[in-house]
Amino acid sequence: MKKILILAVVIIIAGSLFYFLYWSPVYRIKPLNLIPSQASFILASSRPIDSWKELSESDIWKHLKKNPQFAEITDNANYLDSLFLANEWLDFVGNKELLIAAHPVQDTYDYLYVMDLARASRLQNIKYYLQNIVDESYKITYRKYEGIEITELYDIHEKETLYLSFIENLLIISYSPTLVEAVIRQHLNPKQNDRYFLEITDQLGYKGLLRAYVNLNGFMEYLEQFALDNPSMDMIKTSLRYGGFALNLDDRRLELSGITNINDTVNSYLKALYSSGEGSHEFLKVIPESSPYFVSLGFKDFPSFVENLEATLKASPEQEKSYMENRDLVEGFLKIDLNEVFINWVDNEAVMLQASASSKTGISEYALLLKAKDIEQAKAGLDKIRQQIKKKTPVKVKSVTYKGHEIHYMAIKGFFKVFLGKLFDKFDKPYYSTIGNWVVFSNHPHTLKNIIDAVEDETTLYYNSDFQEHYEGLKENTSVFAYINMPDLFDDLRPLMELEDWRAMKKNREYITCFKHMSLQLSPQEGDIFHTGFYSSFEVPSATEKTERKALPAIVPKHEIPDKVLTWEETYEDALKEVDRIVIPDLSQDEYKAYYENGKLKYEIDLKNGWKHGRFESYFKNGNEQFKGRYKNDKKDGTWRVYDEQGDVITKIKYDEGLRQED
């Protein structure tokens, strides 16, 4: 009878323990609540084992892991995978919530891993399993921080230490002891998460293979150390708070879909766009398929956007004053009403694009496309502006015709920046033409010619099957639509980056350009939130693409210092390319001359209808001849002579309509 009683007591105790461990209510800390606020971005998964398997088996991952730097990340992930998710741990861990938080440290990141083990963290034999899954290559020690134990796993061979701590139901892991200690402090003295961050996490839920939460201000600040001043990065940093995205991928496409919230404490163009509806994407019928990137702004109509912009600026007297002063300056100087001659005829789409860097001029060419409600009203308004400019300035405004399209020159500075911000500050004194119901402005007439050709030849993005495959599934109406053709854009990133960062990036070319098409879309939804989608088409570069490189203009960014001083005989080829980069200030001239600072002639060019056409001669600073040749319709033609600084001919080069001929 006594044995039966003892057995019954044991069964009751065992049953109670089992209930306590597996079925009893339990207080669980949410992993996000312990992430330090300085994190730039967080990756999260509710099924990390399945997600990791799906991700690691994808073609995208298989290609990226060939990169030595990316392989290091892969090795770390595999190391953690084998250390904590394999063997008998799998019985306790399973598919639990896993977070990876990236914290910026100078020019890199420290990573924090947080896993929700649910009741698994209550088991007393966790240390036993930990000691049994590591070999003699590791040394395990323990220490206390603020009363909570930290396990230190020292890799004898790599001389690295992995830090672990169990806090209630959470397992904390990092190679940075300061991050683990920060989590402990957050647990003991909890600080409430930013309500804007909670808004993002609550609305996103648990969608996707992975979830990504981004502190856009912190993330942009981190990226800024690799790039020079960039207006688009600055706009994102100041205008948006947090983003939350669900990640999905297959062998050809990576997609991040979610939401971002607006920083309602600043007066931004994005805030005005949020209140102005969406625009369509008819511009795809006008943009050449060779364009490296574009940014489109969409709205119900342009007058509504301007009205919302002015209302937004009222919250900041200083910004409002600057805006009104610029607008009044333009209207007062030219004696025009901007509503009448400009604002009222613009429809619901405005697009800034970079033309292909392989264009014959070799310069950075940009275009601004404005959709018109009534193209005749647009022409009349712009004609009036040109007439007023002609009255106020000594510049002779001449127009030329190309394939039936008149190309004009507008000698006015800062016009578009007033309404469209820094993104559109490249269009001081632009050329412009009309194409269908579009008005197209550019910093160079050759860009207008290329756009006219593309529309007539149907070689725009709208007719490009490769782009259309990427575009399928994207929203057809947006407030912001940014697109990059990464293989075409890659070399154009060089002037934006510090030399050391550019060299590192260049080594990783094929792991960057494999994401051939990339698009970002923002569409307003209720609650000061943009629905946000990032879409990237993946394609492994072919052997040809790896070896072929787009010819670059001969530009050395001002922060680059050549390794040695080269002789003229070694550099004249680059200088000859620079000749094609010369931009003619306006279309009115039959001849154009430029001078050195010492007053001596630098070069002189004959012109016809705005193009380089006829004689070209350039000179060294000492006055001796440098190059002598002829242009035909903006292309080198015939025999060009190259001189040294003593005035002697060192070589002759033959061209046929821009193409160099073999000797």
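Each chain carries its own residue numbering, running from 1 in the written order of its sequence. Owing to the predicted nature of the model, reporting of local features is limited to residues with pLDDT of at least 70; listing and counting of side-chain atom pairs is limited to 80 or more, with chain, interface and lining totals taken over all residues. The basis for the side-chain values is all heavy atoms of the structure; hydrogens and waters are excluded.

**Focus on helix H20 (residues 499–507)**
Quick reminder of the rule: A 1.4 Å probe rolled over the protein chains alone gives each residue an accessible area, and that area as a share of the maximum for its type sets the label: buried under 20%, exposed over 50%, partly exposed in between. A helix here means a DSSP run of H or I that spans at least four residues, while a strand means a run of E at least two residues long, and both kinds are numbered starting from the N terminus. Our arc is simply the arc of the directions from the helix axis toward the C-beta atoms. By definition in these notes, contact holds between two residues if any of their heavy atoms fall within 4.5 Å.
Every buried residue of H20 is listed here: Leu499, Asp501, Trp502 and Met505. All buried residues of H20 lie within an arc of 160° about the axis, which places them on one face of the element. Among the exposed residues of H20, those pointing more than 90 degrees away from its buried face are Glu500 and Lys507. In this structure, the buried residues of H20 make contact with helix H21 (509–512).

**Quick look at the side chain of His517**
Rule in force here: The definition of a polar contact used here is a pair of N or O atoms within 3.5 Å, where within protein one atom must be able to donate a hydrogen and the other to accept one, and adjacent residues in sequence count solely through side-chain atom pairs.
In this fold, His517 is placed in strand E19 (residues 515–525). A distance of 2.9 Å separates a polar atom in the side chain of His517 from a polar atom in the side chain of Asp466. Apart from the residues lying within four places of it in its own chain, the contact partners of His517 are Asp466, Phe467, His470, Tyr483, Ile484, Asn485, Tyr535, Ser536 and Ser537.

**Overview of helix H17 (residues 445–457)**
To keep things clear, this is the line we draw: By definition here, a helix of n residues has an expected span of 1.5 Å times n minus one.
Between its first and last C-alpha, H17 extends 18 Å over 13 residues, near the 18 Å set by a 1.5 Å rise per residue. Among the residues of H17, those classed as buried are Pro445, His446, Thr447, Leu448, Lys449, Ile451, Ile452, Asp453 and Ala454. Those residues of H17 hidden inside the fold are in contact with strand E13 (366–372), strand E14 (400–402), strand E15 (405–409), strand E16 (431–435), strand E17 (438–442) and strand E23 (611–619). One or two residues past the end of H17 sits Glu458, with phi positive at roughly 55°.

**Notes on the sheet that holds strand E27 (residues 659–660)**
Formally: Strands are treated as partners if at least two bridges between them are detected by DSSP. Axis lines are fitted to C-alpha atoms, over the contacting stretch for helices. Their N-to-C directions set the angle, which ranges from 0 to 180 degrees.
Judged by pairing direction, the sheet is antiparallel, and its seven strands sit side by side in the order E21-E22-E23-E24-E25-E26-E27 without closing on themselves. Of all strands in the sheet, those with a lone pairing partner are strand E21 (591–595) and E27, marking the two edges. Against the sheet, helix H23 (residues 568–580) touches E23, strand E24 (625–632), strand E25 (635–643), strand E26 (649–656) and E27, its axis set at about 35° to E24.

**A look at unusual backbone geometry**
A positive phi angle is found at Glu146, which is not glycine, with a value near 50°. Tracing the backbone shows Glu146 in the loop between strand E4 (138–145) and strand E5 (148–155). If you check the backbone angles, Asn633 has positive phi at about 55° while not being a glycine. With respect to the helices and strands, the residue Asn633 is situated in the loop between E24 and E25. Judged by its relative accessible area of 47%, Asn633 falls in the partly exposed class.

**Observations concerning the pairing of strand E20 (residues 529–538)**
In terms of burial, E20 is largely enclosed, as eight of its ten residues are buried. As judged from the nine bridges shared by strand E10 (residues 253–262) and E20, these two strands associate in the antiparallel manner. Looking at the pairing, Arg253 lines up with Ser537 of E20. Bridging between E19 and E20 involves ten bridges; their strand directions are antiparallel. Opposite Gln521, over in E20, you have Gly533 as the bridge partner. Hairpin connection, E19 to E20: the antiparallel pair is bridged by three residues, and Gly527 has positive phi, about 100°.

**Quick word on the nonpolar core**
Using the following cut-off: Each nonpolar core is a collection of buried residues, namely Ala, Val, Leu, Ile, Met, Phe, Trp, Tyr and Cys, held together in the definition by side-chain atoms within 4.5 Å.
With 98 residues, the main nonpolar core has Phe294, Trp345 and Leu369 as its most contacted residues. If you tally residues by element for this core, the top one is E13, at six residues. In this structure, Phe294 is in contact with Phe283, Leu284, Ile287, Val351, Met352, Leu353, Leu461, Phe481, Ala482 and Tyr483, ignoring residues within four places of it in sequence. Judged by nonpolar contacts, the second largest core, of 31 residues, contains Ile29, Tyr145, Ile148 and Tyr213.

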